[in-house]
Amino acid sequence: MDFNAFKEIAIAQAQQMGIGEYELYYEGSASTSVSAFQHEINEFSSATDGGVCFRCIVDGHMGYASTQELSEAQAKQVVIRAADNASSLESEEQEFLCPGGLEYAAPEKKDIPLPTTETLIHTILETQEKLYAADPAVIDGCQAEGVVESSEIAICNSKGLDLHHASKRVALITAAVVTDGKEMENDYQIKMGALPEIDTDAMVQKAVASAKAKLGGEPAPTGQYPVVFDPDAMSSLISTFCSIFSSENTQKGLSRLGDQEGKTIAAPIVTLVDDPFYKDGAMRPFDAEGCPTYCKNVIENGQLMTLLYNLKTAAVAGKKTTGNAFKGGYDAAVGVRPFTMYLAPGDCTEEDLLAKAGTGVYINSLGGLHAGANPISGDFSLQSAGFLIENGKKTAHVKSFTVAGNFYDLLLNITDIASNLEMPGMGRFGSPSVLVKGLSIAGK
C-alpha cells in the first residue's frame, strides 16, 4: 500500500472517531552504500526505511503513534493508538498544527542523477587505487566509500495541509592513511553532488596532503594567543554549539540567548545564516510541521536577529515560527534545528588573517567535541592540531595541545573573517577561516 491509500484510510478513521485536529507525517528513503578496503569491495548495503507518524490533538493534548507497516489495519490502528496516547497525557502545554493555504518558495531544481550500482562500485575501486598511487607515504588502511540516497517526505493534516517533497543525494568519501616510518596519521574528504562532477583526483590529493601534514610535530607552547580556525575547525564549532540558537533550548534554560534577541552577541563582522535553500544543501521548502522555510540571518552584523522556532516554541514566545521544526525520524517528536547554517564570508584571504595574527596558532583539527564542549555554558576545551603562526606565516606543525575558551565569548572576539567559505562533511554547517583573539592554548 502506498502512502496516499494509507492516508485516506487513516483520515476516514479519524473522522469516524470524531478527531477534529490531526496530522499524518510520512518519511521514506532508499539507500545504497559501497565501501572499498585493501583493493576490493569490503562492504555493500542496500536498504529502504521509513514509516508514518499520526499526531492528533484530543482535549488539548497531543498524542503520537507511528508505524512502518503501510496497511489498512495499521492505518486504523495508528489513529486509535494516537488518540489513546493523547487521552493519557496530563501536560497543559498548548499544541499546534500548521494551517493549509500558505505560500512556499520553490527550491532550485537539482536533478542529481543516481548512479547505477555498477558505476558506483567502479568509481569506489578506482578512487581507492588513486589513494594508493597518490604518494609513497600512503599505506594500507585507505578507504573509499560511496553513498546514494533518495528520500521523500509528505505531510497532510486536518487544516488543509497537503505537501510532498523528494530529494536525492550522492556522497563520496576518501580516507587516506600515511606514515613516515615512525608514526601513522589519517585524514578524509567528503564531497556531495552528481558523481561524474566530483573531482576524485582533487579529493585524493587533499586527503593525502592533509594526512601527511599531521606527521611529526610537537605540542604548541602554552599561552594566550590569537587563533586562526580553518573552515573545517570553525564549522565543527558551529555544529557543536548550534543548539544555543534553538528557542526550545532557551525556553528550557539550556542556552544563554533566551532574552538576547535584538541585542549584540557577536563582533560586528559576524553574520550567521540559516538557509534551507543553500545550493549544496538539502533544499527543503517546508519544515517538519509543514510550515514554509526561508533563508534568515540568525546573527546579522553581530546582532541576534532571531532564534529558531517551531509552532509550539513560537507561541510560547509570542512570535511566528521561523520554519525550523525538525523530526529526527518519522516517529520522533517535533523539535527545532537549523537547516544549513554557515558563517557568512568576509572579503580577505586566509593569508591576510595569518598576517594580522602575527604570532599565534592555526587550528585545522578539533577533537573531543562531544566530551570537551558544553553547549549550555558555552565552555570548550578541545584537543587540537594545526600549525604555529610566526611572522604572519604558517610554520611548524603542532599537535596534541588543547584550545580552551567560551563560544559566546568567541563570537564577540572574532576580529577577521576570510572569504574561503567551505561546507565540510555532509554540508549542514559551514564557515570560512576566522581569526579570534585571546584563546588559551595548553601544550608544552
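Our subject is the structure that appears above.
Conventions we followed
- Residues numbered from 1 in each chain as written.
- Predicted model: local features only at pLDDT ≥ 70, side-chain atom pairs only at ≥ 80, totals over all residues.
- Heavy atoms only, no water.
- Axes fitted to C-alpha atoms, helices over the stretch in contact; angles between N-to-C directions.
- Helix = DSSP H or I, 4+ residues; strand = E, 2+ residues; numbered from the N terminus.
- Parallel < 35°, antiparallel > 145°, perpendicular 65-115°, else oblique.
- Left-handed = near helix turned anticlockwise from the far one by under 90°.
- Contact = heavy atoms within 4.5 Å.
- Nonpolar A, V, L, I, M, F, W, Y, C, P; charged D, E, K, R; others polar.
- Salt bridge = Lys/Arg side-chain N within 4 Å of Asp/Glu carboxyl O.
- Expected span 1.5 Å × (residues − 1).
- Buried < 20%, exposed > 50% of the residue type's maximum accessible area, 1.4 Å probe, protein only.
- Polar contact = N/O pair within 3.5 Å; in protein donor to acceptor, adjacent residues only side chain to side chain.

## Quick word on the packing of helix 1 (residues 3–16) against helix 2 (residues 72–88)
- Contact pair helix 1 / helix 2: the axes reach a minimum separation of 8 Å and the direction vectors enclose 40°. Here helix 1 lies oblique to helix 2, going by the angle between them. The chirality of how helix 1 crosses helix 2 is right-handed. Where helix 1 abuts helix 2, its residues F6, I9, A10, Q13 and A14 lie against E72, Q74, A75, K76, V78, V79 and I80.
- Here the residues of the contact of helix 1 with helix 2 are counted per class, giving 8 nonpolar, 2 polar and 2 charged.

## Regarding the pattern of salt bridges
- Applying the stated criterion across every chain yields a total of 17 salt bridges.
- Taking the shortest distance from any N to any O, the salt bridge between K159 and E21 comes out at 3.7 Å. With K159 in the loop between strand 4 (143–157) and strand 5 (162–179) and E21 in strand 1 (residues 21–37), this residue pair connects regions lying 138 residues apart in the sequence.

## Observations regarding helix 1
- Given a rise of 1.5 Å per residue, 14 residues ought to cover 20 Å, and the 20 Å separating the end C-alpha atoms of helix 1 matches this to within 8%.
- Buried within helix 1 we find F3, F6, K7, I9, A10, I11, Q13 and A14.
- Between the side-chain oxygen at the start of helix 1 and the backbone nitrogen of N4 there is a gap of 3.3 Å, and the oxygen is on D2.

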